[in-house]
Amino acid sequence: MSLLFSPLKIGQLTLPNRFVCSATYEGMADASGRVSDALIQRYVQLVRGDVGLAITGHMFVHRSGRAMPFQTGIHQDDTIPGLKQLTTAVHAAGGRIVFQLSHAGRQTTKKMAGQRPWAPSAIGRGPGQFRQAAGHDQ
Ligand SMILES: Cc1cc2nc3c(=O)[nH]c(=O)nc-3n(C[C@H](O)[C@H](O)[C@H](O)COP(=O)(O)O)c2cc1C
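Note that the coordinates shown come from a computational prediction; the quantities given were computed from them, not determined experimentally. (Residues numbered from 1 in each chain as written. Predicted model: local features only at pLDDT ≥ 70, side-chain atom pairs only at ≥ 80, totals over all residues. Heavy atoms only, no water.)

Enquirer: So, the pattern of salt bridges: which residues are in play, and what are the values?
Expert: Under the defined criterion, the tally for this structure stands at two salt bridges. Where Asp 30 meets Arg 34, a salt bridge forms, and the shortest distance between an N and an O atom there is 3.8 Å. On the basis of relative accessible area, Asp 30 is assigned to the partly exposed category, the value being 30%. Across the pair Arg 34 and Asp 78 runs a salt bridge, and its minimum N-O distance is 2.8 Å. Within this pair, whereas Arg 34 is found in the loop between β3 (20-24) and α1 (37-48), its partner Asp 78 is found in the loop between β5 (59-60) and α2 (80-92), the two being separated by 44 residues in sequence. (Salt bridge = Lys/Arg side-chain N within 4 Å of Asp/Glu carboxyl O. Buried < 20%, exposed > 50% of the residue type's maximum accessible area, 1.4 Å probe, protein only. Helix = DSSP H or I, 4+ residues; strand = E, 2+ residues; numbered from the N terminus.)

What follows is the structure in structure tokens.
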């Protein structure tokens, strides 16, 4: 058997194989950031396709740090049931999942963050590849 398909232990986490899906913003949560069925299906399909470890797209930890529309949130208690459903589904399919946490800092807009963005300095947002897709220019 190829080494790629053999289990790997990282600390207390045992991965079923060596295939890792790097963090990729999905834009598949609902408008307030809660996990959707489509998002769960996305990760289940990846695991069924032999992704041993899926790292989610960045999840905003506070509403002020939301960078993108339909970004998954891990910012308030009512997101927990959906997030739990996501991990349970991935585990049931035999995979492992890591949530990537983020706060957009200056890399967002008032519209996206629902308030004036919070950042360590007063420097404005830098150019970003998702600028138009995210509706930042509107
Ligand atoms: C559509 C898209 C969304 C991405 N979202 C994230 C993300 O949420 N978090 C992150 O750390 N990297 C993100 N990345 C970067 C990827 O995880 C990956 O590191 C990168 O695409 C690999 O480099 P390459 O695109 O130059 O091959 C994203 C990349 C793309 C293309």
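Now that the structure is up, let's keep going.
Enquirer: Could you give an account of the sheet that holds strand β4 (residues 53-56), naming the residues involved and the relevant values?
Expert: Spatially, three strands are ordered β3-β4-β6 in an open sheet, and the strand pairing comes out parallel. Every other strand in the sheet has two partners, leaving β3 and β6 (96-98) as the edge strands with one partner each. Adjacent strand axes in the sheet meet at a mean angle of 15 degrees, parallel and antiparallel pairs treated alike. Here β4 runs beside β6; their pairing, made up of three bridges, is parallel. Each residue of the ladder has a partner; that of Leu 53, found in β6, is Arg 96. (Pairing = 2+ DSSP bridges. Axes fitted to C-alpha atoms, helices over the stretch in contact; angles between N-to-C directions.)

Enquirer: Now, about the packing of aromatic side chains: what can you tell me, with residues and values included?
Expert: Aromatic ring pairs are defined here through the distance separating the ring centres and the angle between the ring planes. All told, the structure shown has one aromatic pair when counted by the stated rule. Ring centres 5.2 Å apart and planes at 65 degrees place the aromatic pair Phe 5 and Phe 19 in the edge-to-face group. Of the two residues, Phe 5 is situated in the segment before β1 (8-10) and Phe 19 in the loop between β2 (13-15) and β3; the sequence distance between them amounts to 14 residues. For Phe 5, a relative accessible area of 39% translates into the label partly exposed. In this structure, Arg 42 packs its charged tip against the face of Tyr 43, placed 5.0 Å from the ring centre. (Phe/Tyr/Trp six-rings, centres within 6.5 Å; stacked < 30°, edge-to-face > 60°. Lys NZ or Arg CZ within 6 Å of the ring centre and 35° of its normal.)

Enquirer: Account for the site of the ligand, with residues named and values stated.
Expert: Surrounding the ligand, one finds eight residues, the nearest of these being Ser 22, Ala 23, Tyr 25, His 58 and Gln 100. In this structure, Ser 22 approaches the ligand through a side-chain N or O atom, which is 2.9 Å from an oxygen atom. Ala 23 has a polar backbone atom sitting 2.4 Å from an oxygen atom of the ligand. Protein chains shield 40% of the accessible area of the ligand, which is 600 Å² for the free molecule. Of the residues contributing to the shell around the ligand, the split by class is three nonpolar, five polar and no charged. (Near = heavy atom within 4 Å. Polar contact = N/O pair within 3.5 Å; in protein donor to acceptor, adjacent residues only side chain to side chain. Areas by Shrake-Rupley, 256 points an atom, 1.4 Å probe, with all protein chains shown as cover. Nonpolar A, V, L, I, M, F, W, Y, C, P; charged D, E, K, R; others polar.)

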